[in-house]
Structure formats: C-alpha cells, structure tokens
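Reading the structure
Here is what each chain is made of, one letter per residue.
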Amino acid sequence: DAGVTQSPTHLIKTRGQQVTLRCSPISGHKSVSWYQQVLGQGPQFIFQYYEKEERGRGNFPDRFSARQFPNYSSELNVNALLLGDSALYLCASSSDGVGEQFFGPGTRLTVL
Amino acid sequence: QKEVEQNSGPLSVPEGAIASLNCTYSDRGSQSFFWYRQYSGKSPELIMSIYSNGDKEDGRFTAQLNKASQYVSLLIRDSQPSDSATYLCAVRNNNAGNMLTFGGGTRLMVKP
C-alpha cells in the first residue's frame, strides 16, 4: 500500500513569493494534518482537515492557508514568503483525525 | 502554553545496551502519547503509541506512561547503531483539538 505522498520534494523560492505544497493521504484515510519543522526543532502544528473541513489551526499567520479536496488530498498555501518560512513541511495522514498520524516524506522549502 | 520537554542530547549508549529516552508534558488533559523516530534529513516515523498508564512493549521498544507525574518514556533494548536517530515525543489532548504537540527531540547515538 502506498504511504503518504507529498510534492514537490524540494522547493526554492524568494521572499514575497507564494508556494503551494501538496499531499495525498494513505488510501482510506480521511484526515490530513500539516506541520512545519524548522531545523533542530520538533514539528509544529499548522492545520488539520477531516472530511474536507478544517478541524484545527495552529499559531501561524493568515499567510498560511490550506484546503482538502473530495479525494482527501490536501494543499498548503503560503503567501508573501519570509526567510523564516524556510523549513521542512510535513503532511500527516490519519484515518479519522483522532488516531495515529503517519507522516509523508515532507517538502523542504528554502526561501532566499 | 502547553509544552513537551525532552533532553536534546546527544544520548550516547554502546551497542547492545538499553537506551532510555524521557519526556515530560505540561497539559494534564493529555490523553494520547506517541514516540516518533526521525533519521537525519528524513520525516518522522511512528514507533509507539500509548494511551494508558503503565508499560507497552513492541519488540525491542517499551513505552512507559505515568499520567500522575506527566511523564512518558521510551526504552530501547539491545540498541543497534541503526537506532541512531532523533526521537520525538508527541502528546495530544483529544478535548483540545487533534493536534500533536511535539518535544524538541532527543538525539540518540549508538556506538558499535
């Protein structure tokens, strides 16, 4: 069975640009969560979606937005990129949003 | 602010020894606890989940939970060089959203 997939693997952007990251959950899972992991720190929660509805939002500015599609895949959008947005962006899949969460390989974003 | 604390390490143990990784959390309402392993440059991989006080064993791994002391630990028996990684403790309060709150991780080094 395919695990969580994310695209792209790596991304380089410049300050002020916008970026869209994509995630497909494990087949049969209906919930996707997004996390940001800065080098040397643990992941920080950004959003959770379940059945296409936002179920949770972390302490991130409005420049960060997300959505979930009918096939349960998800996109994370970040506008007006700052240098501090450089991080590994992780997508986690769970069956119902309350159970165990399984991470994808991540997208490494570098903002120059 | 809800916090999860881990000693950043590195924790160095010889091959074949028991590695003991510790985590404390501040939210008394936390109900679900997880250990993830993260190799350098990779995404977190779920090792163990524990929900009730006591011990839970899975192969060479044992998770221990003490809610009264707000303490969760991971023991790795017969440590192998391939266990060298950063171990992340994650905590969830099911009544406060489904987000995982992570500690900063403990870097484990197993020396041959």
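Only a predicted model underlies this, so the values are computations on that prediction, with no experimental measurement involved.

**Examining the sheet that holds strand β3 (residues 19–25) of chain B**
Residues and elements named next belong to chain B. Spatially, the five strands line up as an open sheet ordered β1-β3-β8-β7-β6, and their pairing is antiparallel. With one partner strand each, in any of the chains shown, β1 (4–5) and β6 (54–58) form the two edges of the open sheet. Summarising the sheet, β3 and strand β8 (residues 71–76) pair through six bridges and their orientation is antiparallel. Bridge pairing in β8 links Asn-22 to Ser-73.

**What about the state of the cysteines?**
A complete count under the given rule lists two disulfides over all chains for this structure. Paired by a disulfide, Cys-23 of chain A and Cys-91 of chain A hold their sulfur atoms 1.8 Å apart. Its torsion about the S-S bond being -60°, the disulfide of Cys-23 of chain A and Cys-91 of chain A is classed as left-handed. Of this pair, Cys-23 of chain A sits in strand β3 (residues 19–24) while Cys-91 of chain A sits in strand β9 (residues 87–94), and the two are 68 residues apart along the sequence. Take Cys-23 of chain A: its relative accessible area is 2%, and that puts it in the buried class. On the basis of relative accessible area, Cys-91 of chain A is assigned to the buried category, the value being 0%. Paired through a disulfide, Cys-23 of chain B and Cys-89 of chain B show a sulfur-sulfur distance of 2.1 Å. Given an S-S torsion of about -70°, the disulfide between Cys-23 of chain B and Cys-89 of chain B has left-handed geometry. Here Cys-23 of chain B is found in strand β3, whereas its partner Cys-89 of chain B is found in strand β9 (residues 85–92), with 66 residues between them in sequence. Accessibility expressed as a relative area gives 0% for Cys-89 of chain B, which makes it buried.

Cut-offs and rules
- Residues numbered from 1 in each chain as written.
- Chains lettered and ligands numbered in written order.
- Predicted model: local features only at pLDDT ≥ 70, side-chain atom pairs only at ≥ 80, totals over all residues.
- Heavy atoms only, no water.
- Pairing = 2+ DSSP bridges.
- Helix = DSSP H or I, 4+ residues; strand = E, 2+ residues; numbered from the N terminus.
- Disulfide = S-S within 2.5 Å.
- Buried < 20%, exposed > 50% of the residue type's maximum accessible area, 1.4 Å probe, protein only.

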